[in-house]
Amino acid sequence: MATTLSLAPLFRHSVGFDRFNDLFESALRSEAGTSYPPYNVEKHGDDQYRIVIAVAGLAEEDLDIQVEKGVLTVAGDKRESNGDVTYLHQGIAQRAFRLSFRLMDHIEVQGAKLANGLLNIDLLRVVPEEAKPKRIMIGGAESADSRPVSEQ
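Residues numbered from 1 in each chain as written. Predicted model: local features only at pLDDT ≥ 70, side-chain atom pairs only at ≥ 80, totals over all residues. Heavy atoms only, no water.

### A word on the layout of surface pockets
No. 1: Within this model, the second largest pocket holds a volume of roughly 230 Å³.
No. 2: Together, Val41, Tyr49, Ile51, Phe101, Arg102, Leu103, Met104, Asp105, Ile107, Leu123 and Arg125 line the second largest pocket.
No. 3: Residue assignment for the lining of the second largest pocket shows that the elements contributing at least two residues are strand E2 (48–54), strand E5 (97–102) and strand E7 (118–125).
No. 4: Class assignment of the residues belonging to the lining of the second largest pocket gives a composition of eight nonpolar, no polar and three charged. (1 Å grid on protein atoms, 1.4 Å probe; cavity = no way out; pocket = protein on both sides within 12 Å on 5 of 7 lines; lining within 4 Å. Points joined across faces, edges and corners; volume = space filled by probe spheres on them. Helix = DSSP H or I, 4+ residues; strand = E, 2+ residues; numbered from the N terminus. Nonpolar A, V, L, I, M, F, W, Y, C, P; charged D, E, K, R; others polar.)

Encoded structure:
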């Protein structure tokens, strides 16, 4: 039984949040069971984030990180294979993967490093001055009409 979810009521009193609608729809369509490789999304302070992906057995040249149109994509594939090895038990998965993370506005990738089988991708929110909140002053009656109300 398929369930249809309409997000229209959420956006009735909103302006410019159409990207959220796309985000929710893509989350609903995403495949269940895409948990490989395991990863964490961490918050370090108000504007710093880190994505940590477990990539055991992969080297830097086996990984590809790209950012395009607000989507961070991490792909991995073991490029070299050792044909001389016969595994009696292979518990370390080394299959290809592709993870995508939608980055909100003003989130920039600062760098990535691979250490101890963990790929760390550092993110930083850099809000430009024009996007920061600003106070709007309310003009008095003088701004609409320079005469006081009693003189009109």
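### Quick look at the sheet that holds strand E1 (residues 39–43)
No. 1: Ordered in space as E1-E2-E7-E6, the four strands form an open sheet in which the pairing is antiparallel. Two strands bound the open sheet, and with one partner strand each, they are E1 and strand E6 (107–115). Taken over all neighbouring pairs, the strand axes of this sheet differ in orientation by 15° on average, direction set aside.
No. 2: As paired elements, E6 and E7 share eight bridges and run antiparallel to each other. Opposite Val109, over in E7, you have Leu123 as the bridge partner. (Pairing = 2+ DSSP bridges. Axes fitted to C-alpha atoms, helices over the stretch in contact; angles between N-to-C directions.)

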